[in-house]
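Below, each chain spelled out in residue letters.
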There are 2 protein chains.
Amino acid sequence: MRPQKVLDEEILIGLTKVFRSKGYEGASLQELAEATGLKKASLYHRFPNGKKEMAAAVLVHLGKWVEENVFQVLSDRNHPPKVRLRTGLFGIKTLYNNGKEVCIFRALSMQAGLALFEEQINKGMKQWIDAFNKIGLELGLSPSEAEKNALQTLVEIQGSLIVTKGLDDLDIFENMLKNIENRYLEA
Amino acid sequence: MRPQKVLDEEILIGLTKVFRSKGYEGASLQELAEATGLKKASLYHRFPNGKKEMAAAVLVHLGKWVEENVFQVLSDRNHPPKVRLRTGLFGIKTLYNNGKEVCIFRALSMQAGLALFEEQINKGMKQWIDAFNKIGLELGLSPSEAEKNALQTLVEIQGSLIVTKGLDDLDIFENMLKNIENRYLEA
DNA sequence: GTCTATAGCTAGATAGAC
DNA sequence: GTCTATCTAGCTATAGAC
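Residues numbered from 1 in each chain as written. Chains lettered and ligands numbered in written order. Predicted model: local features only at pLDDT ≥ 70, side-chain atom pairs only at ≥ 80, totals over all residues. Heavy atoms only, no water.

Student: Sorry if this is basic, but what is going on with the interface of chain B and chain A here?
Tutor: When the parts of a complex come together, some accessible area is lost, and that lost area is often used as the size of the interface. Listed by partner, the interface residues are 32 residues for chain B and 32 residues for chain A. Between chain B and chain A we count 0 salt bridges in total. The tally of links from chain B across to chain A stands at 6 residue pairs in polar contact (both at pLDDT 80 or more). Only helix H1 (8–26), helix H6 (104–108), helix H7 (115–138), helix H8 (143–167) and helix H9 (170–186) of chain B provide two or more residues apiece to the side of chain B that touches chain A. With 13 residues, H8(B) is the single largest residue contributor to the side of chain B that touches chain A. Looking at the side of chain B that touches chain A, its residues break down into 15 nonpolar, 10 polar and 7 charged. (Contact = heavy atoms within 4.5 Å. Salt bridge = Lys/Arg side-chain N within 4 Å of Asp/Glu carboxyl O. Polar contact = N/O pair within 3.5 Å; in protein donor to acceptor, adjacent residues only side chain to side chain. Helix = DSSP H or I, 4+ residues; strand = E, 2+ residues; numbered from the N terminus. Nonpolar A, V, L, I, M, F, W, Y, C, P; charged D, E, K, R; others polar.)

Student: Looking at this structure, I do not really get the side chain of B:Glu181. What am I missing?
Tutor: Residue position: B:Glu181 is located in helix H9. Look past the residues within four positions of B:Glu181 in its chain and what remains in contact with it is B:Leu85, B:Arg86 and B:Leu89.

Student: Please clarify how the protein's contact with DNA strand D should be interpreted in this entry.
Tutor: Among the 19 residues in the neighbourhood of DNA strand D, the closest are listed as A:Leu29, A:Tyr44, A:Lys51, B:Arg2 and B:Lys5. Backbone atoms, meaning sugar plus phosphate, form 64% of the atoms of DNA strand D positioned within 4 Å of the protein. At 3.0 Å, a backbone N or O of B:Lys39 approaches a phosphate oxygen of DNA strand D. The side chain of B:Arg46 places a nitrogen or oxygen atom 2.9 Å from a phosphate oxygen of DNA strand D. (Near = heavy atom within 4 Å.)

Student: Looking at this structure, I do not really get unusual backbone geometry. What am I missing?
Tutor: Phi is mostly negative for residues that are not glycine, and the peptide bonds are mostly trans. Residue and element names in this part refer to chain A. Non-glycine residue Asn97 carries a positive phi angle of around 50°. Judged by its relative accessible area of 32%, Asn97 is partly exposed. With phi around 65°, Asn98 is a residue other than glycine that occupies positive phi space. In this fold, Asn98 is placed in the loop between helix H5 (81–95) and helix H6 (104–108). (Buried < 20%, exposed > 50% of the residue type's maximum accessible area, 1.4 Å probe, protein only.)

Student: Teacher, can you tell me more about the relation of the copies chain B and chain A here?
Tutor: Two chain copies here: they are related by a rotation about an axis and a translation along the same axis. When chain B is fitted to chain A, the residual RMSD is 0.0 Å, and the transformation amounts to a turn of 180° plus an axial shift of 0.0 Å. Such values leave the two copies arranged in the relation of a two-fold axis. Within chain B, the C-alpha atom positioned nearest to the axis of rotation is that of B:Gly159, 1.8 Å from it. The overlap is high: 100% of the interface residues of chain B also sit at the interface in chain A, so the same surface is used on both sides. (Least-squares fit on C-alpha atoms with pLDDT ≥ 70 in both.)

Student: Looking at this model, I keep getting lost on the protein's contact with DNA strand C. Mind explaining?
Tutor: The full set close to DNA strand C counts 19 residues, and A:Arg2, A:Lys5, B:Leu29, B:Tyr44 and B:Lys51 are the nearest of them. Atoms of DNA strand C within 4 Å of the protein belong to the sugar or the phosphate in 64% of instances, the rest to bases. In this structure, A:Ser42 approaches DNA strand C through a side-chain N or O atom, which is 3.0 Å from a phosphate oxygen. Within the backbone of B:Ala27, one N or O atom sits 3.1 Å away from a phosphate oxygen of DNA strand C. Of all the secondary structure elements, the ones that give two or more residues to the surface near DNA strand C are helix H3 (40–46) of chain A together with helix H3 (40–46) and helix H4 (50–74) of chain B. Sort the elements by how many residues they give to the surface near DNA strand C and H3(A) lands first, with 4 residues.

Student: Can you walk me through the pattern of salt bridges in this structure?
Tutor: Charged atoms that come close allow side chains of opposite charge to pair. Residues and elements named next belong to chain B. Evaluated as defined, the whole model comprises 17 salt bridges over all chains. The partner of Glu101 in a salt bridge is Arg20, and the shortest N-O contact between them spans 3.8 Å. Taken together, the residues Glu101 in the loop between helix H5 (81–95) and H6 and Arg20 in helix H1 connect sequence positions 81 residues apart.

Student: Looking at this model, I keep getting lost on the packing of aromatic side chains. Mind explaining?
Tutor: Each aromatic ring pair is characterised by the separation of its centres together with the angle its planes make. Within the structure shown, the criterion is met by 10 aromatic pairs over all chains. Pairing B:Tyr24 with B:Phe117 gives two aromatic rings, centres 5.8 Å apart and planes at 70°, and the pair type is edge-to-face. In this pair, B:Tyr24 sits in helix H1 while B:Phe117 sits in helix H7, placing the two residues 93 residues apart along the sequence. We note A:Lys51 situated over the ring of A:Tyr24; from NZ or CZ to the ring centre the distance is 4.9 Å. (Phe/Tyr/Trp six-rings, centres within 6.5 Å; stacked < 30°, edge-to-face > 60°. Lys NZ or Arg CZ within 6 Å of the ring centre and 35° of its normal.)

Structure representation (structure tokens):
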């Protein structure tokens, strides 16, 4: 076995960067190869099913990151709910690089005909709502309020990312995260 | 002069449909031609600068629709502010076809390197905020509250469109419009 | 496992007849 | 103004040497 020239982790980071900034259709194999430091044919060796598989791998990779740095943090009973909420929101801030980076769901949801992504996106969003629903309950919200707050939180994160980019103003994302935290703590 | 086989309005409707559902990179000249009922070469006769010009025309066309059916409605002094708010929000509901259609800003903001779109998107978002800021003031909000509410409204519209599509649940968009209205009226 | 080279295709865009 | 036919460039993907 010949040693890998580029580690899997580094490849995924490169792929993520390109898909996030260019979207699925906009990301060319050329760019993906350059961003990973591999030649096109080598990328196909790692991902035999081509571009689709690369994008799917990016979704899984980011999903794992969120699982560790957001969902697990929010549900970690070793810490009080308030601390978990704060830490989880910090994970979200990191995920989107303070609002500079786009949500991968958005980047990959624009191309048609790839039902695989739609399902992963649907599942992913449900996980987000579920995670925030639970922390809301632990913070003393009623079931109906917790549910409402969780949906609202997802909407505000997604919406503020769009508006942050459109108006080129990182404060919008930053402030929205603070508002989300305060709404949970005041309740 | 030979008569136009397809009217400008119809062409724009076809182009809009494709760009909105496929995004900029994902929309092929093939599809754009089919959607408009013209052949590719004929499309180039109408839009000599090609795909870029077609997308720009779509932005202008939708911008005019919003100007008429949202901004002018919100600022029409012939009606009381509450009625205007309700009617403007109904225009927004129509614009996005109850949440089934994507925001054109989102559809066109994913491709890189076309500064033209970025500028139009930035300008468009500022207009939205400005319009909601004014109606907020007329409804008796303080300047700082009106500003906050206007930004929040844009975030919630954009975010709810994303989540509505991701979770395939039109109620999310519908309810968010109601929440927006109530927040203004209760203030 | 990585590479060079290239196949096969479709994209965006044009030429020129009518 | 619309069409058929076509160009060229870029795309995704593969073959096969090392």
